[in-house]
Amino acid sequence: MGIHVVDETEPVPDGTPLADLDPEPLLTRDYETRPALVYERLRERHGPVAPVDLLGVPAWLVLGYRESLQVLQDDTGWPKGLENWRARSEGRVPADWPLGPSLEVNHVLIQGGDGYRPLRAAWDAALRPFQDPRNPQAKRLRNAVTGCADELITLLAQGGRAGLADLSAQFSRPLPLMAASHLLGFPGSQGDDALMDMWRVLDAGPDAEPALARLLVTLRELAAAKVERPGDDFPSHLVAAHPDLTVDELARELFMLLGMTSDHVGILISNTVVEVICGDSEGGVRTTLSAGMVRETMNRVAMRKPPLVNFVPRFAAADTPLGNYTVRAGDPVWVSAAAAHADPLFAGQLTPGSATISSRAHLSWGAGPRQCPARELASTIAAVGVGRLFERFGHLELALPVDQLPWRSSPFMRGLRSLPVRYELSGPDVPAAPEPDAALPDVPDVPDVPDVPDDPSRAVTRRSSLWRYLTGLIRSGG
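Residues numbered from 1 in each chain as written. Predicted model: local features only at pLDDT ≥ 70, side-chain atom pairs only at ≥ 80, totals over all residues. Heavy atoms only, no water.

Some thoughts on the pattern of salt bridges
For clarity, the cut-off: Whenever Lys or Arg places a side-chain nitrogen within 4 Å of a carboxyl oxygen from Asp or Glu, that contact is recorded as a salt bridge. The way it works is that DSSP assigns letters per residue, a run of H or I at least four long becomes a helix, a run of E at least two long becomes a strand, and they are numbered from the N terminus. Buried residues are those whose accessible area, probed at 1.4 Å on protein chains only, stays under 20% of the maximum for their type, while exposed residues exceed 50% and partly exposed ones sit between those limits.
Summed over the entire model, instances satisfying the criterion amount to 25 salt bridges. A salt bridge links R388 to D150; the shortest N-O distance between them is 2.9 Å. Taken together, the residues span a long stretch of sequence, with R388 in helix α18 (residues 375-392) and D150 in helix α7 (residues 136-156) at a distance of 238 residues. The class of R388 is buried, set by a relative accessible area of 18%. The closest approach of N and O atoms between R295 and E376, which form a salt bridge, is 3.0 Å.

See below:
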């Protein structure tokens, strides 16, 4: 990784059971507004591993970079799989625990046991056509994302060649939805409602459970259609690589991919845009973009503001020293990428102020044998989106001071609620997009993404709920 972590004399671990340590609540108002301060307070009090309360359930939060690698790289000593959670097996996790819905779906990022390896191998095989740039599927995906980005910018431009916009609502969040619709082979705009429900599940709010139920019904219908009529899309490739998958199992895997290519990628796009706009006064960041180094900028963003702040839990296979404590067998352990990146033993060794070189030692995609299988796919979607924004806009600036941008936090993700900007388009005028006809709700949707986009400035004819929502933002002045 290129990062040397200083070794120190280890203290004797505290053997007190987790439940007896009086864990302090993690998901507080301070965590919502200033998570870095919460992590630092925990680090000062407990060291690199801290006992925390997650909405009434005790867990260990890993704050240290070295300790995070120790957990992430040892899939035997720290396995995934809710069957390894002692408190859950003993009935001590409330049935209505708000985080339950997002953890009960047993897909590739959560699954443990013997079934994981063949499933992961199938994922790698199914994603390969879309992640290897030499393949026609990867080229079509890149073309599709480029076309979708141009459509969103064209629609936004109906508010004028210069003006105000919310790039989060009008670009960063819808773009991954459109890419996911292409990958999953959603008919028409069926993916719109699925993405909205995915956001509700990830935010772990009071409507997370019904949202998950609706989402799984939609994805099960899509999975059944792909089993019956395979195509050149991710679900069909996954079934081909793992023919034993049931329709329900396939739906759970689609749930995972939809989540990874929606909220995570949308946050990464918004955060990268802020990084570019607020780059050094010499224009170094914009220079890297013009030199084709968007991904280096994304690496710095992933280091400073990772979209996925806390990973899904792992569990101690045996009583194991970690940090200043002994983690008992079956205890849940949550690795915090955001806290690990701020660990002084790690962050203090990064070269400051470099506009062209960044470390790839960040943990935003995990580490070890269970590193995110779709990381290249997600990075490509984000990189294409950011690149098109700065090619199509001659000028972008924040409409609020950077320290006043509104953030939203969940137990897993942290991103901007909105990204208000002042913009000015470059290049020729774009044609006006036809307004969706609210009086004709039964008109079939035009498929969201063709395999090869037409002229990027073509008129937009979608009548999906997403397109009506985006048009409404333009009518209200962004």
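That was the structure; now back to the text.
Some points on the sheet that holds strand β9 (residues 393-398)
The condition is simple: Two strands make a pair as long as DSSP finds a minimum of two bridges between them. Structural elements are reduced to axes, namely lines fitted to C-alpha atoms, with helices fitted over the stretch in contact, and the angle between N-to-C directions of any two is expressed from 0 to 180 degrees. Working rule for contacts: check all heavy atoms of both residues, and any pair within 4.5 Å makes them a contact.
Taken in spatial order, the three strands line up as β4-β12-β9 in an open sheet, and their pairing is antiparallel. Both edges of this open sheet fall to β4 (162-166) and β9, since each of them pairs with a single strand only. In this sheet, adjacent strand axes meet at a mean angle of 30° when their direction is disregarded. Its contacts with the sheet place α18 against β9 and β12 (420-425), and it is angled at close to 110° to β9.

A word on the sheet that holds strand β1 (residues 24-25)
What the five strands build is an open sheet, ordered β1-β2-β3-β8-β5; its pairing is mixed. Each having just a single partner strand, β1 and β5 (314-315) make up the two edges of the open sheet. Bridge count for β1 against strand β2 (residues 49-54) is two bridges, and the pairing is parallel. Bridged to E24 within β2 is V52.

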